[in-house]
Amino acid sequence: TGYSGDLGLSVVMDRLEANLFAFVRYVLDGIVVEPPLYLPQNFGRVLYPGAEADVSVELIPGLHLSGSYTFLYSYILQTTSTTYSFADNKRAIYTPVHTASAAVKYDNGRTRLGLDAQIVGERFSDQANSIRVDGYLVLNAEARQRLSPNLTLTLAGKNLLNRVYQTWKDYVMPPLSFWVGADLRL
């Protein structure tokens, strides 16, 4: 069971779109998946106040620049065995306080080029907040070329900085990799 509310402002102008929202979510009997068994279990009550902002601008026809930022604080207020106060300052597991992204994309109808970055802040992997999972920055790129109305080729590079990072504790994500693809419509 959960309750949530948000309040925001959106601005849409000629080549600009911007949004700013504040939100709060209160979760009763939340579910967490925690090592070593990775089985879902109820853990108690958590309050999630936060804010999110994003902006997208078309610099010239076909060239878009966008970015977003999310601030998400979390307060564990009760687990199956313990009650906490705000002063205890316990964070929900795998919930980063800061997350941001930025992208630049060009699309002229036949050619699409893009570069994007994602930044995820430090988070905890246990309810006691004693095991930290480091934040990370990932950079990706993609190029698509439509050769005919029925054939498109794609080349993508993932984790271009070849960072060693984890989304979950001890679950290392893939290193630098390249993907090649074709889309054929018959």
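Everything that follows concerns the structure shown earlier in this document.
Computed from a predicted structure; not experimentally measured.

Enquirer: Would you mind going over the overall build of the chain in detail, with residue names and values included?
Expert: When helices and strands are tallied, the chain shows 0 helices and 14 strands. For the chain, the C-alpha radius of gyration of 21 Å lies well beyond 16 Å, the compact-globule estimate for 186 residues. The C-alpha extent of the chain, read off along each of the three principal axes, is 60 × 40 × 30 Å. Going through the 186 residues of the chain one by one, you find that 27% of them count as buried. Partitioning the contacts of the chain with sequence separation of at least 6, the portion at a separation of at least 24 is 48%. When the accessible area of the chain is evaluated, it comes to approximately 11900 Å², of which 59% is carbon and sulfur surface. Charge separation in the chain, taken as the distance between the mean sites of 16 positive and 17 negative side-chain charges, equals 5 Å.

Enquirer: Residues and numbers for the side chain of Ser74, please.
Expert: Looking at the secondary structure, you find Ser74 in the loop between strand S4 (63–72) and strand S5 (75–78). Exposure remark for Ser74: the relative accessible area of 1% places this residue in the buried category. From its side chain, Ser74 meets the backbone nitrogen of Ala92 in a polar contact 2.9 Å long. With sequence-adjacent residues up to four places away left out, Ser74 is seen in contact with Val46, Leu47, Tyr48, Lys90, Arg91, Ala92 and Thr95.

Enquirer: Give a description of the environment of Val97 that names residues and reports values.
Expert: Tracing the chain through its elements places Val97 in the loop between S5 and strand S6 (98–107). Exposure remark for Val97: the relative accessible area of 16% places this residue in the buried category. Each C-alpha atom, one on Val97 and one on Phe71, is 5.5 Å from the other, the two residues being 26 residues apart in sequence. In this view, Val97 contacts Thr70, Phe71, Leu72, Tyr73, Arg91 and Glu122; residues no more than four positions away in its chain are not counted.

Enquirer: Describe unusual backbone geometry, with residues and values.
Expert: The backbone of Asn162 shows a phi angle near 55°, a positive value even though the residue is not glycine. In this structure, Asn162 sits in the loop between strand S11 (151–158) and strand S12 (166–168). The phi torsion at Asp170 lies on the positive side, around 65°, for a residue other than glycine.

Enquirer: Tell me about the pairing of strand S7 (residues 111–120), and name the residues and values.
Expert: Summarising the sheet, S6 and S7 pair through 9 bridges and their orientation is antiparallel. Across the sheet, Thr99 pairs through a bridge with Val120, a residue of S7. With antiparallel pairing between neighbouring strands as the criterion, S6 and S7 make up a hairpin whose turn holds 3 residues, including Gly109 at a positive phi of roughly 100°. Here 10 bridges tie S7 to strand S10 (residues 136–148), and the two strands are oriented antiparallel to one another. Pairing of Thr111 across the sheet is with Gln145, part of S10.

Enquirer: I'd like a rundown of the pattern of salt bridges, residues and numbers included.
Expert: All told, the structure shown has 4 salt bridges when counted by the stated rule. Put simply, Arg144 and Glu142 hold a salt bridge, and the shortest N to O gap is 3.5 Å. Overall, Arg144 belongs to the partly exposed group, its relative accessible area being 29%. Note on Glu142: relative accessible area 31%, which makes it partly exposed. For Asp170, the salt bridge goes to Lys169, with nearest N and O atoms at 3.4 Å. When its relative accessible area of 60% is taken as the criterion, Asp170 is described as exposed. When its relative accessible area of 28% is taken as the criterion, Lys169 is described as partly exposed.

So, how was this worked out
- Residues numbered from 1 in each chain as written.
- Predicted model: local features only at pLDDT ≥ 70, side-chain atom pairs only at ≥ 80, totals over all residues.
- Heavy atoms only, no water.
- Helix = DSSP H or I, 4+ residues; strand = E, 2+ residues; numbered from the N terminus.
- Rg over C-alpha atoms; globule rule 2.2 N^0.38 Å.
- Buried < 20%, exposed > 50% of the residue type's maximum accessible area, 1.4 Å probe, protein only.
- Contact = heavy atoms within 4.5 Å.
- Areas by Shrake-Rupley, 256 points an atom, 1.4 Å probe, with all protein chains shown as cover.
- Lys, Arg positive; Asp, Glu negative; His and termini not counted.
- Charge placed at Lys NZ, Arg CZ, Asp CG, Glu CD.
- Polar contact = N/O pair within 3.5 Å; in protein donor to acceptor, adjacent residues only side chain to side chain.
- Pairing = 2+ DSSP bridges.
- Salt bridge = Lys/Arg side-chain N within 4 Å of Asp/Glu carboxyl O.

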